[in-house]
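Letter by letter, the chains look like this.
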Amino acid sequence: MSEVSIPYFKRERSTAAAEEHKSRSLYWAIFAVVWVTEFIVGYYVSHKIGYMHTDAISRVANAFYVLYSGDPHLGAIGFIWNPLPSLVEIIFLVFYPLFPALASSGLAGVLMSSLFAGFTASLLVRAGDYHGISRWVSVGISLLFAFNPFMFLFGMNGLSDAPFIFFTMHAVIHLTYWMKDRHVGNLLKLSLSLALAFWTRYEAVPFAIGVGLVVVLALLYRLKKNKAEKQTSAKDKYQQAESALTLVWSPIVYSGLLWVFLNYIIMGNPFYFLNSEYSNVEQSAVLATDLKFQHLIGHPWNSFVFVLGKMLYFSIPLFGVVLLRIVNRRWQIWELVGLLGMVSSIVALQYLLIVKGTSFGWFRYFMYVFPITVAWLPYELSKVRRSWLNSSIILASLILSVVVLTGALFNPEVAPDENKMLHAYEHAAEMDVDRQVARYLDSELNKDTILMDSYSAYNVILNSDRPSRFIITSDANFRESLDDPRASGVDYILSPKPDSSSALSADNRLYPQFYERGAEWCELYKEFGNEHGGRWRIYKVKKKADVIEHES
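Just so it is clear, the model here is predicted, and its values are computed rather than measured.

### Regarding the overall build of the protein
Right, so step 1: Regarding its fold elements, the protein presents 25 helices and 5 strands.
Right, so step 2: A globule of 552 residues ought to have a C-alpha radius of gyration of about 24 Å, and the protein, at 27 Å, matches this closely.
Right, so step 3: By its C-alpha atoms, the protein is 105 × 70 × 45 Å across when sized along the principal axes.
Right, so step 4: When each of the 552 residues of the protein is scored for burial, the buried share is 52%.
Right, so step 5: Here the contacts in the protein between residues at least 6 apart in sequence split such that 72% fall between residues at least 24 apart.
Right, so step 6: A total accessible area of about 25600 Å² is found for the protein, and carbon and sulfur atoms account for 62% of it.
Right, so step 7: In the protein, 48 side chains carry a positive charge and 47 a negative one; their mean positions are 14 Å apart.

So, in structure tokens, the structure goes:
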């Protein structure tokens, strides 16, 4: 039987399809390895040990109130933090009745952050393929980034950093795609990434400015696409820059305006997220009396030295880029200026906040230098010839970053907040007091109406079997009930001990020293956390007849 020949173009198409299938399989494999590893570690720490970062569990609580509070509505998600992480967590919390640990242990948050960590790792491999660098180098960059202990931390702890890292890296990568091929579709994807980054963290605003700088520089200084293309006039370049920035910035600008509008129509204050009693400004007011910050607040030079010192920990790949350019004599300064603009944009915001005294200056606030630079690496490698030396420079910088950032993570002087994860058992014991309160309320006061400020009591709410009977901050009747608990049918008020590191709860603001003294219309019923210096007090609201009898 004669052999049937296959036309060349069909063989070529078949080969391309096989290669594409192989690539997709690798992308999913990288995603799965990172996601599963992150989730397993996060599950162990949050569910088995019982510790989760307070910001992470609070975001889970914001999502929880939307579905399971006494007054469930979308506005219960809150208007201080950007809502996208909690919106994602709502999807997982639909299954809370089947798996209560999604809320009580914060596993919805772990699922959210670990998924984004997996997506980020896969994205880096895909970027390497797009730019035509070695597949093994792409995989190496991806895994060295994902399994850097400091970066790994944010994939398993439920904080908003994992999705923000994904969106910023997605933006940078599609920016480099556009710089390579000029396809406007990549600018559109970049613009959507910036908008989603804004709905995740406010640092997206300065980052968008840094991205805009690169877009303008690329239009002003990059070489012609081909020899037949005419040199663009200054007027045309200005018009191109104007059009490109309109496309890149429009989604994030409209997102910001929408957020202000929502704050206005729902909270009655367009800048509620900036200046309310729960805002960062209010929480950071305690820094003015903190000895560690007194030499920084109002001192620009001291703050600059502090910020630069933090930033350098994350800058090793950036130095790798500079070294790669020197070795290859690649002198496109505008690209380097643009990269520096992006990596310093978020750091510049932190600098201003520290000078003003409205930032705690946590180590992770300066880490975005690292993911932004790593997202740029595939583009940088595509501009030099493939060689062992060039690949080694980049991979060595990432390996050295693993060593340096691991050391920083283990040093509480450098990373005090992030270092808590290494002492999870100790901090889990503190969180167990909240669980004790929830168990007591469920067993002893299970038919009573209890008022509490969810800003402080989120962990109590998440660990209760009947959270819908609580009157919490997002409920429409919360203010009215707090103003007149007896007339509103409130039986008990759960009050947290004031903490110098955070804003006062609503009860302690309305009734000064309520935790310590209570009020004439209530009496101390029970106290929790005495072994920790006191954490919670339950005050029983007296009925009007009891008050009249006492006064007589």
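### Describing the sheet that holds strand S1 (residues 450–452)
Each strand in a sheet pairs with another by means of backbone hydrogen bonds, the pair being arranged parallel or else antiparallel.
Right, so step 1: If you walk across this open sheet you meet the 5 strands as S2-S1-S3-S5-S4, and the pairing is mixed. The two strands at the open ends of the sheet, each matched to only one other strand, are strand S2 (470–471) and strand S4 (522–528).
Right, so step 2: Across 2 bridges, the pairing between S1 and S2 is parallel. The residue bridging isoleucine 450 from the neighbouring strand is phenylalanine 470, located in S2.
Right, so step 3: Each of S1, S2, strand S3 (492–496), S4 and strand S5 (536–541) touches helix H20 (residues 424–444); the most contacted strand, S4, lies at about 125° to it.
Right, so step 4: Running at roughly 125° to S1, helix H21 (residues 454–462) makes contact with S1, S2, S3 and S5 of the sheet.

### Regarding empty space enclosed by the protein
A probe matching the size of a water molecule, rolled over the atoms, marks out where space remains unfilled.
Right, so step 1: Under the counting rule described, the total for this entry stands at 3 cavities of 30 Å³ or more.
Right, so step 2: Counted as a void, the largest cavity has a volume near 120 Å³.
Right, so step 3: Forming the walls of the largest cavity are Glu38, Ala117, Thr120, Ala121, Phe145, Ala146, Met151, Phe152, Phe154, Gly155, Ala162 and Ile165.
Right, so step 4: Where the lining of the largest cavity is concerned, the elements lending two or more residues are helix H5 (107–130), helix H6 (135–146), helix H7 (149–156) and helix H8 (161–181).

### With respect to the environment of tyrosine 313
Right, so step 1: Along the chain, tyrosine 313 turns up in helix H15 (residues 300–313).
Right, so step 2: C-alpha separation for the pair tyrosine 313 and methionine 367, spaced 54 residues apart in sequence, amounts to 8.2 Å.
Right, so step 3: Sequence-distant contacts of tyrosine 313, defined by excluding residues within four places in its chain, comprise Phe363, Val404, Leu405, Ala408 and Val414.

### A few points about the side chain of threonine 120
Right, so step 1: You can see threonine 120 is positioned in helix H5.
Right, so step 2: Side-chain polar atoms of threonine 120 contact the backbone oxygen of phenylalanine 116, separated by 2.8 Å.
Right, so step 3: Residues within four places of threonine 120 in sequence aside, it is in contact with Phe145, Ile165, Phe166 and Met169.

### A word on helix H19 (residues 388–409)
Right, so step 1: Taking 1.5 Å of rise per residue, the 22 residues of H19 would be expected to cover 32 Å, and the 31 Å separating its terminal C-alpha atoms lies within 8% of that figure.
Right, so step 2: Inspection of H19 places Asn390, Ser391, Ile393, Ile394, Ser397, Leu398, Ser401, Leu405, Ala408 and Leu409 among the buried residues, and these make up the whole buried set. Viewed along the axis of H19, the buried residues span an arc of 160°, placing them on a single side of the element. In this structure, H19 carries Trp388 and Val403 as exposed residues pointing more than 90 degrees from its buried face.
Right, so step 3: The secondary structure elements touched by the buried residues of H19 are H6, H7, H15, helix H16 (316–328) and helix H18 (369–382).

### A look at the confidence of the model for the protein
Right, so step 1: Residues with a pLDDT of 70 or more make up 92% of the protein, whose mean pLDDT is 91.
Right, so step 2: A low-confidence stretch, residues 548–552 stays under pLDDT 50, and its non-local contacts, those more than four residues away or across chains, total 0 contacts.

### What to know about the packing of aromatic side chains
Right, so step 1: Per the stated rule, a full pass over the model turns up 38 aromatic pairs.
Right, so step 2: Look at tryptophan 376 and tyrosine 379: their rings are 5.2 Å apart centre to centre, the planes differ by 70°, and that puts the pair in the edge-to-face class. On the criterion of helical spacing, the pair formed by tryptophan 376 and tyrosine 379 is a turn pair, its members being 3 residues apart in helix H18. Summarising the burial analysis for this pair, tryptophan 376 and tyrosine 379 share the class buried.

### Section: the nonpolar core
Within soluble globular proteins, side chains that are nonpolar generally end up buried alongside one another.
Right, so step 1: Residues Met342, Leu441 and Met452 are the most contacted members of the largest nonpolar core, which totals 163 residues.
Right, so step 2: Ignoring any residue separated from it by four or fewer positions in sequence, one finds methionine 452 in contact with Leu441, Ala457, Val460, Ile461, Phe470, Ile471, Ile472, Thr473, Phe478 and Leu494.
Right, so step 3: If you look at the next biggest cluster of nonpolar residues, it comprises 8 residues, including Val34, Ala117, Val139 and Ala146.

### Some points on the side chain of asparagine 148
Right, so step 1: Following the sequence through the fold, asparagine 148 ends up in the loop between H6 and H7.
Right, so step 2: Classification of asparagine 148 as buried rests on a relative accessible area of 0%.
Right, so step 3: Contacts of asparagine 148, omitting those with residues within four sequence positions, involve Leu143, Phe370, Ser401, Val402 and Leu405.

### As for the packing of H5 against H8
Right, so step 1: In the contact formed by H5 and H8, the axes pass within 8 Å of each other and the chain directions differ by 15°. By the criterion of interaxial angle, the relationship of H5 to H8 is roughly parallel. Viewed along their axes, H5 and H8 form a crossing whose handedness is left-handed. On the side of H5, the interface is formed by Met112, Ser113, Phe116, Phe119, Thr120, Leu123, Leu124, Arg126, Ala127 and Tyr130, while H8 contributes Ala162, Pro163, Ile165, Phe166, Phe167, Met169, His170, Ile173, Tyr177, Lys180 and Asp181.

Rules used throughout
Residues numbered from 1 in each chain as written. Predicted model: local features only at pLDDT ≥ 70, side-chain atom pairs only at ≥ 80, totals over all residues. Heavy atoms only, no water. Helix = DSSP H or I, 4+ residues; strand = E, 2+ residues; numbered from the N terminus. Rg over C-alpha atoms; globule rule 2.2 N^0.38 Å. Buried < 20%, exposed > 50% of the residue type's maximum accessible area, 1.4 Å probe, protein only. Contact = heavy atoms within 4.5 Å. Areas by Shrake-Rupley, 256 points an atom, 1.4 Å probe, with all protein chains shown as cover. Lys, Arg positive; Asp, Glu negative; His and termini not counted. Charge placed at Lys NZ, Arg CZ, Asp CG, Glu CD. Pairing = 2+ DSSP bridges. Axes fitted to C-alpha atoms, helices over the stretch in contact; angles between N-to-C directions. 1 Å grid on protein atoms, 1.4 Å probe; cavity = no way out; pocket = protein on both sides within 12 Å on 5 of 7 lines; lining within 4 Å. Points joined across faces, edges and corners; volume = space filled by probe spheres on them. Polar contact = N/O pair within 3.5 Å; in protein donor to acceptor, adjacent residues only side chain to side chain. Expected span 1.5 Å × (residues − 1). Arc of directions from axis to C-beta. pLDDT = per-residue confidence, 0-100. Phe/Tyr/Trp six-rings, centres within 6.5 Å; stacked < 30°, edge-to-face > 60°. Core = buried A, V, L, I, M, F, W, Y, C linked by side-chain atoms within 4.5 Å. Parallel < 35°, antiparallel > 145°, perpendicular 65-115°, else oblique. Left-handed = near helix turned anticlockwise from the far one by under 90°.

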